[in-house]
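# Notes for the structure review
Here's the letter readout for the chains.
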Amino acid sequence: MQASVLQAKFERIRANKLFETFVIVVIIASALLVGAKTYDMPAGVATVTVFLDWFISAFFLTEITIRFLGEKRKRDFFKSFWNWFDTVIVIISLIPADDTEMALVARLVRVFRVLRMISIIPELRLLLVSLVKALPQLGYVMLLMFIIFYIYAAIGSTLFENINPTLWGDITISLLTLFRVMTFEDWTDVMYETMEVYPLSPFFYISFIFLTAFAFLNMVIGIVVNVMEQENEKIRKEEAEENNEPTLEDVMEELRVMRREIQAIKHDEKNI
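Since we're looking at a predicted model, the values are computed, not measured.

### Some points on the pattern of salt bridges
Summed over all chains, the structure comprises three salt bridges. With its nearest N and O atoms 3.9 Å apart, the salt bridge here joins Lys17 to Glu20. Highlighted residues: Lys17 and Glu20, both in helix 2 (residues 17–36), separated by three residues, approximately one helical turn. Its relative accessible area of 62% is what places Lys17 among the exposed residues. Assessed through its relative accessible area of 28%, Glu20 is described here as partly exposed. For the salt bridge of Asp86 with Arg67, the shortest nitrogen-to-oxygen distance reads 3.0 Å. Placement of Asp86 in helix 5 (residues 81–93) and of Arg67 in helix 3 (residues 43–69) is noted, with a sequence separation of 19 residues between them. When salt bridges with common partners are traced through the structure, they connect Glu63, Arg67 and Asp86 into a single cluster.

### Focus: the environment of Val225
Structurally, Val225 is set in helix 12 (residues 202–242). Val225 gets classed as partly exposed once you look at its relative accessible area, which sits at 38%. In the structure, Val225 is positioned 94 residues away from Leu131 in sequence and 9.2 Å away in space, judged by C-alpha atoms.

What counts as what
- Residues numbered from 1 in each chain as written.
- Predicted model: local features only at pLDDT ≥ 70, side-chain atom pairs only at ≥ 80, totals over all residues.
- Heavy atoms only, no water.
- Salt bridge = Lys/Arg side-chain N within 4 Å of Asp/Glu carboxyl O.
- Helix = DSSP H or I, 4+ residues; strand = E, 2+ residues; numbered from the N terminus.
- Buried < 20%, exposed > 50% of the residue type's maximum accessible area, 1.4 Å probe, protein only.

Next up, the structure:
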């Protein structure tokens, strides 16, 4: 009985919005603390940052413990990837490696503690999950973009090699130059240089920019947005099932049943 009461208390703490907000504040403070350590600080301030760092690590350990104890079925805690991610980050950050050869690794791990913001905020989790699930489709877009890059790089290297071998000397350098053009990094300087020999070369750059910077970018955005909509719909269905709320499909099915019943009644009335 006492265990169930404690579990209920931990569950209320875990679901408390103030507690979640405080966790986010601590994560932000952890990120700022890592940034502050990159500056030269007086010995007293450096000592304070060490104590703050250990306080943050202890708080994260406490927070993970509360989340674990607040789970009704403890095995369900380890079914979540984000729980594993948070636990590993927290445990590794507790390793006292600041005064050893692993000090650099310890600092890097503390930098990754800011990634815990993703596991805490559902909207960020949705964005990351959508991006990961969109990667297979984005792979085909990247492949098509590489083909376009390769074709334009071959054309550019063939036409403009004698104009500026530094930018168009071979197909590898041409690919880097085209990447510079796509990112609009002083691309007009590259274009004006080739225009002195080939007056129609702007069509080469404009068509390339249209295909890569505009068309492909919109394709990537469309794929990610489509996956996000699917994930949002999936979340809404899961929430509806948990709350025993009827989904849109359930309502449509009920309407179809009612329509069939009304048609059956009308058919019976005609026969009478």
